[in-house]
Amino acid sequence: MGDANVGKSSLLSRFGNDVFNETAAPTVGVDFITHRLQSDGKTIRLQIWDIAGEERFRSLTDTYVQGIDGAVIVFDITNSNSFKNVRYWSEMFNNNQSANVVKLLVGNKCDLSTERVIEHSEAKELADSLNIPYIEASAKDTSNVHEIFLTMVNNMAKTT
Ligand code: GDP
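Rules used in this analysis
Residues numbered from 1 in each chain as written. Predicted model: local features only at pLDDT ≥ 70, side-chain atom pairs only at ≥ 80, totals over all residues. Heavy atoms only, no water. Helix = DSSP H or I, 4+ residues; strand = E, 2+ residues; numbered from the N terminus. Buried < 20%, exposed > 50% of the residue type's maximum accessible area, 1.4 Å probe, protein only. Contact = heavy atoms within 4.5 Å. Areas by Shrake-Rupley, 256 points an atom, 1.4 Å probe, with all protein chains shown as cover. Near = heavy atom within 4 Å. Polar contact = N/O pair within 3.5 Å; in protein donor to acceptor, adjacent residues only side chain to side chain. Nonpolar A, V, L, I, M, F, W, Y, C, P; charged D, E, K, R; others polar. 1 Å grid on protein atoms, 1.4 Å probe; cavity = no way out; pocket = protein on both sides within 12 Å on 5 of 7 lines; lining within 4 Å. Points joined across faces, edges and corners; volume = space filled by probe spheres on them. pLDDT = per-residue confidence, 0-100. Arc of directions from axis to C-beta.

Engineer: Sorry if this is basic, but what is going on with the overall build of the protein here?
Structural biologist: A count of helical and extended segments in the protein gives 6 helices and 5 strands. When the helices and strands of the protein are placed in sequence order, the string is α-β-β-α-β-α-α-β-α-β-α. Here the protein, with 160 residues, has 42% of them falling under the buried criterion. Put simply, 70% of the contacts in the protein that link residues at least 6 apart link residues at least 24 apart. For the protein, the accessible area works out to roughly 8900 Å², and carbon and sulfur atoms hold 45% of it.

As structure tokens, then:
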């Protein structure tokens, strides 16, 4: 989850099919992929939902977060608004039913280093204050994309 245009669909298509599209169309509503991942000698089947960040879909988003095991909150390191909204996304889990949801903060588009407006240290500080790990990634150049989902699987395994 995360604001529109931060690269959620691109991270999913890089992870699921190893493709990147410069002109990806915005997600309308909700989309999902299933993908198998090896961890600790086990095959884990992940069902990953891409939750659209646009305001008009926010009531829909509330419905989809019921019953999930983990949430990857994505912002764009070149977009300060998407970073400001990280708190909004993380607060979706501040109720009893979702106390065990494993979370991870991702700063995407780290290939755009000259356009960066959110420093690594600033994002790490926010992640620390929310008590969740922080990873910088790029759906475009593939950096850390696999690590996002591997970290999620490993951390989800620890809570079950
Ligand atoms: P979503 O609305 O969060 O699903 O965002 P999209 O995946 O549709 O991406 C929005 C735009 O950002 C598209 O033009 C993508 O090509 C671009 N984009 C996504 N990830 C990256 C990345 O890691 N680096 C760069 N440079 N562009 C990206």
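There's plenty left to go through after this.
Engineer: Looking at this structure, how should I read the site of the ligand?
Structural biologist: Lys8, Ser9, Ser10, Glu22 and Asp111 are the nearest of the 20 residues found near the ligand. Between the ligand and Ser9, the relevant distance is 2.7 Å, taken from an oxygen atom to a side-chain nitrogen or oxygen of the residue. Take Asp111: an N or O atom from its side chain is 2.7 Å from a nitrogen atom of the ligand. Protein chains bury 91% of the 580 Å² of accessible surface belonging to the ligand in isolation. At 3 residues, the largest contribution of residues to the shell around the ligand is made by helix H1 (residues 8-17). Taken together, the residues of the shell around the ligand sort by class into 6 nonpolar, 8 polar and 6 charged.

Engineer: Looking at this structure, I do not really get the layout of surface pockets. What am I missing?
Structural biologist: Empty space among the atoms can be located by rolling a probe the size of a water molecule over them. By volume, the largest pocket is sized at about 700 Å³. Taken together, 30 residues form the lining of the largest pocket, with Gln47, Ile48, Gly70, Met152 and Met156 sitting closest to its centre. Elements supplying a minimum of two residues to the lining of the largest pocket: H1, strand S2 (42-51), strand S3 (70-76) and helix H6 (145-159). The leading source of residues in the lining of the largest pocket is S2, at 8 residues. Residue classes in the lining of the largest pocket are distributed as 20 nonpolar, 5 polar and 5 charged.

Engineer: What's the story with the confidence of the model for the protein in this structure? I'm lost.
Structural biologist: Should pLDDT be low for a region, the predicted coordinates there are not to be read in detail. Per-residue confidence for the protein averages 87 on the pLDDT scale, and 86% of its residues sit at or above 70. No element of the protein has a lower mean pLDDT than helix H2 (residues 58-64), which averages 68, and none a higher one than strand S5 (residues 134-136), which averages 98. This complex was scored by the predictor with a pTM of 0.91 and an ipTM of 0.99.

Engineer: What exactly am I supposed to notice about helix H5 (residues 120-130) here?
Structural biologist: Buried residues of H5: Ala123, Leu126, Ala127 and Leu130, and no others. Seen along its axis, H5 keeps its buried residues to an arc of 100 degrees; they face one direction. Along H5, the residues that are exposed and aim more than 90 degrees away from the buried face are Ser121 and Glu125. One or two residues past the end of H5 sits Asn131, with phi positive at roughly 65 degrees.

Engineer: Help me understand the side chain of Arg14, please; the structure alone is not making it clear to me.
Structural biologist: Relative to the helices and strands, Arg14 is located in helix H1. A polar side-chain atom of Arg14 sits 2.8 Å from the main-chain carbonyl oxygen of Lys140. If we ignore the near neighbours within four places in the chain, the residues touching Arg14 are Val19, Phe20, Ala139, Lys140, Thr142 and Val145.

Engineer: Would you explain the side chain of Asp76 in this entry?
Structural biologist: Relative to the helices and strands, Asp76 is located in strand S3. Given the relative accessible area of 4%, Asp76 is considered buried. In terms of polar contacts, Asp76 uses its side chain to reach the backbone amide nitrogen of Thr78, at 2.8 Å. With residues near it in sequence (within four places) discarded, Asp76 still touches Asn5, Val6, Ser82, Asn108 and Lys109.

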